[in-house]
Amino acid sequence: MLDNEDHLLENHPRELTQNPLKKIWMPHKNSHIGHRRVCMTNCPTLIVTVGLPARGKTYISKKLTRYLNWIGVPTKEFNVGDYRRECLKIYKSFEFFRPDNEEGVKIRRQCAMSALNDVRQYLSVEGGQVAVFDATNTTRDRRGTIMKFAEQNGFKVFFVESVCEDPEVIAQNIVQVKLGNPDYMNCSSEEAIEDFMERIKCYETSYQPLDEDLDSDVSYIKIMDVGRRYLVNRVVDHIQSRIVYYLMNIHITPRSIYLCRHGESDLNIKGRIGGDSGLSSRGKEFAKRLRSFLEEQKIKDLKIWTSQMKRTIQTAECLGVPYEQWKSLNEIDAGVCEEMMYEEIQEHFPLEFALRDQDKYRYRYPKGESYEDLVQRLEPVIMELERQENVLVICHQAVMRCLLAYFLDKTSHELPYLKCPLHTVLKLTPVAYGCKVESVYLGVDSVNTHRDRPENVNVQRSTEDALQTVPAHH
Amino acid sequence: MSCTQRDIGASTNSTEAKRTDPRCNEKKCSWASYMTNSPTMIVMIGLPARGKTYMSKKLTRYLNWIGVPTKVFNLGVYRREAVRAYKSYDFFRHDNEEAMKIRKQCALVALQDVRVYLAEEGGQIAVFDATNTTRERRDLIQAFVKENGFKVFFVESVCDDPDVIAANILEVKVSSPDYPEKHRERVMEDFLKRIECYKVTYQPLDPDNYDKDLSFIKVINVGQRFLVNRVQDYIQSKIVYYLMNIHVHSHSIYLCRHGESNHNVEGRIGGDAELSPRGKKFAHALRDFIEEYELSDLKVWTSQLRRTIQTAEELSVPYEQWKILNEIDAGVCEEMTYQMIQETFPEEFALRDQDKYHYRYPGGESYQDLVQRLEPVIMELERQGNVLVICHQAVMRCLLAYFLDKGADDLPYMKCPLHTVLKLTPVAYGCKVEMFYLNVEAVNTHRDRPLGKVTRDSALIHRRNSYTPLSSYDQVKRPRLYSAGNQPWLPLAPTPSALMPERLQSQTRTGSSCLTPCVKESTLTAAKKLVAVSASE
């Protein structure tokens, strides 16, 4: 329900007040801060994966969950395998998955039910908007049960099926994620692979893929051969459309993403935020080192992206290779606080300064932006990063925090306080279900621009308390 | 999922290198245009009355709006040129040799025009709108595309719902030049027979075998289902996303501005003012308007600026706030009157009139930026049913330009007066517009295109989101933005004439040489120019 729906019983116009944190104009009576910027879903959505083992279902589930949470849609995944491991404690062998193993079938069914209960809890009670039900769900019968459950609870259902017959891809999946799985903790690699292949066989005979005719009324996307081909059926709303678009843009080709900030700028040295200054001499030194670093790394077909602000462009210029400028990568707009020092902000806008510390993610500078706005602005960048292979993004502190939070699955609480120091390159390499991070400091001194959350965030705090965590500057 | 994007520089084809130059030199190109690195031919496939032309025109309109130069080549038009008077469906019989010859000839002529458009006229996407139902024809096209170094993406529309087909025929075929007498039954009868002629030789795309390596989307039953195969790049991905979001259900979109605001009355631009008394009256009138039309399930969207929200409040219906619907950011000129801008920033003022679409306010935005910002709104409007969008002048111009297919030249001068609601209803291949003035007076905020020839300075218009155009000029003291209530106290330093790109090259220094003000251009091109200049010295 939208925030302004309660008033429909009244007749007279309401006064608007501006929420001091988010700078959103809202009708008087509505005092709560929560505001949905776009109504993405009117009822919760249950995403259900479908596919034989080692088809990338969990990979897709986790990635999709990470993406949806990042764009602000509360999402949670429910992996039935985890429930089974809770229940069974010790995995013996693939025999558990044999279709004629009655005991096994019973337990697996119970686990699925248990997971669905938690889904209901999450979507109906805890305010979740999307739940990803990650399991094989390979029979029409099982899917029917889930759809009934969804209907009873007023959830929409969207199936994501992954179909793949390429033995190399399957083998690679097994090596990457199954060998390290708790199920195979005490086996050798060969034993694990052998057992897993048998496990897959247990499912194969009863597998009923989503069918164009029999399932023509169901909303789903069928991903074939790791994204070579897609079949999309009956997308019914905005969130499903976004999910489809996302799934169609991701790939699993190995690559790395490099994130760094521009070199130290003149305003950085003065302790001023925002603005559009050029590089300091140390900043220029960093750019040179960055060039050497890239040459050493010998990265294949590296694309370089910058913002449209001088300091990132100057940094890229030193690299001597083509680069592309994105306006969306510009630093967060600090509005009336542009080019101020923290001390000045405290002096002129102590209330704003305190509000920012209270909820740094949602706080919007007067006539400026919030981290939340930044995430919306950066979404096309993330989408394009997903499409690309090797990319170096030269950006800014707040922007880098947002991008990093996407790749490392950080919450909105953590995001504004992620450490992104100057003159340090982060190399992100997707691995298994997550992202490996390597931090490379290029050995050029710089100021520290990181301001931790102070202890006292009360609007009545003293100047000293407010400036407690301001980093040193000129 | 993607394959590696092909880089501009990677092509060894000299014609391709020549072709990309004019586009890269177009320093004002949009992000989407920039990312479209190879000319692409979109080839429609399908029996008649399957919505091919509808999709072609809509897709073309969308691509042009986001800044990717696109053009439709409709084979029917070529055929009508060649065969002046259409007699009957007999022309389309597959055993009519004479006709087959003519039809093939038309296709070849059309393909030549495609080649000219993509290779010489700076076009990036050509939409080849024809049935293309046989493998033979598609193989011909593929050979053509390969020969010219274009990419190809097929869009097939498959539909077996007789109601949909009949409705299509009635909506667009009855009024076609082929049927001047417009006698419904006769038209329907002839057209259905025409379709039968094609059915005989129709070979749909075969994703499992013959066509498995092609890039295509199969649209089934008007968007109920899609089969997408081998999407190669950014622009194909966007095309797929767009086609998956459009629908043909009848709906109307209402666009209007907020009620007159206090700033409007004072002639100030931007800011976050409240409604004037007349603005409030308008909001009341708007509520009556909505009630009168009894619009079912009307969604109401506003920006996050006070004046649109105040307007929506009067309607007593739920509404959604979108930050991206906020008015264009006028940067250092926020809350100034045009007179103040002219006095304080005369150069900026002049620049804006030279190229209003690409001009970016210092520290602010351009119309081109606005279009990029508004793309998700357009995408969502395509998905929705009835929507009322309460927005702002520049924003409304951008949205309107999308629906009415207006180019960058016309867009910033479209008339969007206060207190007027525009009702847009998709009809046939276009959009019907109805204008409702709600009878509440308001100031006029429209500034016409300046008369007389304005000298075109191609540089400068394009700047970063910054206060100085060129990074090497570090010494200029910048005014503080938005010191709440205070106007910026220093005008920008006059931009030296040396900032013209051509002049700049001759004054190059290594390192900062490529920092032309035309920042959307790839430095690859700037580097090329640099090499060219130093080679000649």
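Residues take numbers from 1 onward in each chain, read along the sequence in its written order. As they are written, the chains are lettered A onward and the ligands numbered 1 onward, keeping that order. In keeping with the model being predicted, local features are shown solely for residues with a pLDDT of at least 70 and side-chain atom pairs are shown and tallied solely at 80 or more, while totals for entire chains, interfaces and linings include all residues. Side-chain numbers come from the whole structure's heavy atoms, not from hydrogens or water.

Novice: Just to check I follow, could you spell out the sheet that holds strand E8 (residues 229-233) of chain A for this structure?
Specialist: The pairing of strands in a sheet happens through backbone hydrogen bonds and is either parallel or antiparallel. Spatially, twelve strands are ordered E4(A)-E5(A)-E3(A)-E6(A)-E7(A)-E8(A)-E6(B)-E5(B)-E4(B)-E1(B)-E3(B)-E2(B) in an open sheet, and the strand pairing comes out mixed. Either end of the sheet is taken by a strand with one partner, and the two such strands are strand E4 (75-79) of chain A together with strand E2 (70-74) of chain B. With strand direction ignored, the average angle separating the axes of adjacent strands in the sheet is 15°. When strand E6 (residues 156-163) of chain A meets strand E7 (residues 220-224) of chain A, the two strands line up parallel, connected through five bridges. Looking at the pairing, phenylalanine 159 of chain A lines up with tyrosine 220 of chain A of E7 of chain A. Along the sheet, helix H5 (residues 97-119) of chain B makes contact with strand E1 (40-45), E2 and strand E3 (125-129) of chain B, crossing E3 of chain B at roughly 165°. Between any two strands, pairing holds if DSSP finds at least two bridges. Under the DSSP-based scheme used, a helix requires at least four consecutive residues in state H or I and a strand at least two consecutive residues in state E, with every element numbered from the N terminus. Interaxial angle, 0 to 180 degrees, is taken between N-to-C directions of lines fitted to C-alpha atoms, where a helix line uses only the stretch in contact. Contact between two residues is taken to exist if any of their heavy atoms lie within 4.5 Å; hydrogens are not considered.

Novice: I'm lost on the state of the cysteines in this one. Help?
Specialist: One covalent bond between the sulfur atoms of two cysteine residues makes up a disulfide. When two cysteine sulfur atoms are found within 2.5 Å, that pair is recorded as a disulfide. Counted by the stated rule, this structure contains zero disulfides over all chains. Of the cysteine sulfurs around cysteine 111 of chain A, a residue in no disulfide, the closest is that of cysteine 87 of chain A, at 4.3 Å. Three labels apply to residues, based on accessible area from a 1.4 Å probe with only protein chains included: buried if under 20% of the type maximum, exposed if over 50%, partly exposed otherwise in between. A residue is classified by how much of its surface remains accessible, and cysteine 111 of chain A, at 4% relative accessible area, is buried. Unpaired in this structure, cysteine 333 of chain B has its nearest cysteine sulfur neighbour in cysteine 398 of chain B, at a distance of 18 Å.

Novice: Looking at this model, I keep getting lost on the environment of glycine 149 of chain B. Mind explaining?
Specialist: Residue and element names in this part refer to chain B. Assignment of secondary structure puts glycine 149 in the loop between helix H6 (135-148) and strand E4 (151-158). The class for glycine 149 is partly exposed, based on a relative accessible area of 23%. Considering only alpha carbons, one finds glycine 149 and threonine 40, 109 residues apart in sequence, at a separation of 9.1 Å.

Novice: Just to check I follow, could you spell out the UniProt feature "binding site: substrate" (unreviewed entry) in chain A for this structure?
Specialist: Residues and elements named next belong to chain A. UniProt positions are given in the numbering used here, feature names are shortened, and annotations may be inferred rather than shown by experiment. UniProt marks Arg261, His262, Gly263, Glu264, Ser265, Asp266, Leu267, Asn268 and Arg311 with the feature "binding site: substrate" (unreviewed entry), using the numbering shown here. What stands out for the annotated residues spanning 51 residues is how close their C-alpha atoms remain, the widest pair being 14.1 Å apart. In the annotated set above, the residues contributing to the lining of the largest cavity are Arg261, His262, Ser265, Leu267, Asn268 and Arg311. Within the secondary structure, arginine 261 is located in strand E9 (residues 257-261). Sequence-distant contacts of arginine 261, defined by excluding residues within four places in its chain, comprise Asn268, Phe286, Ile394, Cys395, His396, Gln397, Met400, Cys420, Pro421, Leu422 and Thr449. One polar contact links arginine 261 to glutamine 397, side chain to side chain, over a distance of 3.3 Å. In contact with leucine 267, other than residues within four places in its own chain, are Arg272, Gly274, Gly275, Asp276, Ser277 and Glu339. Definitions used for this entry: grid spacing 1 Å over protein atoms alone; cavity, a set of points where a 1.4 Å probe fits but cannot get out; pocket, an open set with protein on both sides within 12 Å along at least 5 of 7 lines; lining residue, one with an atom within 4 Å of a point. Pairs of N or O atoms are called polar contacts if they sit within 3.5 Å, as long as, within protein, a hydrogen donor faces a hydrogen acceptor (for residues adjacent in sequence, only side-chain-to-side-chain pairs).

Novice: When you look at the packing of H5 of chain B against H6 of chain B in this model, what are you seeing that I'm missing?
Specialist: A pair of packed helices is captured by two measures, namely the crossing angle of their axes and the spacing between those axes. Residue and element names in this part refer to chain B. For the pair H5 and H6, the least separation of the axes is 12 Å and the interaxial angle reads 25°. Taken together, the axes of H5 and H6 lie roughly parallel to each other. As for the relative orientation of H5 and H6, their crossing is right-handed in sense. When H5 is examined against H6, the residues Arg103, Lys104, Ala107, Leu108, Leu111, Val114 and Arg115 are found in contact with a partner set consisting of Arg137, Leu140, Phe144 and Asn148. Each residue receives one of three labels: charged for Asp, Glu, Lys and Arg, nonpolar for Ala, Val, Leu, Ile, Met, Phe, Trp, Tyr, Cys and Pro, and polar for the others, Gly being one of them. When its residues are assigned to classes, the contact of H5 with H6 shows six nonpolar, one polar and four charged. Oblique is the label for any angle not covered by the other classes, which are roughly parallel (under 35 degrees), roughly antiparallel (over 145) and roughly perpendicular (65 to 115). Less than a right angle of anticlockwise turn of the near helix away from the far helix marks a crossing as left-handed, whereas a clockwise turn marks it as right-handed.

Novice: Explanation requested: the UniProt feature "binding site: substrate" (unreviewed entry) in chain B in the structure shown.
Specialist: All names here are of chain B. The sites that UniProt annotates as "binding site: substrate" (unreviewed entry) are Arg257, His258, Gly259, Glu260, Ser261, Asn262, His263, Asn264 and Arg307. Counting through the fold element by element, arginine 257 comes out in strand E7 (residues 253-257). In this structure arginine 257 touches Asn264, Phe282, Ile390, Cys391, His392, Gln393, Met396, Cys416, Pro417, Leu418 and Thr445, once residues within four positions along its chain are discounted. Relative to the assigned elements, arginine 307 resides in helix H12 (residues 306-313). On the basis of relative accessibility, which here comes to 5%, the residue arginine 307 falls in the buried class. Once you skip the residues sitting within four places of it in the chain, arginine 307 turns out to touch His258, Ser261, Gly270, Gly271, Asp272, Ala273, Leu275, Glu327 and His392. Polar side-chain contacts of arginine 307 include one of 3.4 Å to the side chain of histidine 258.

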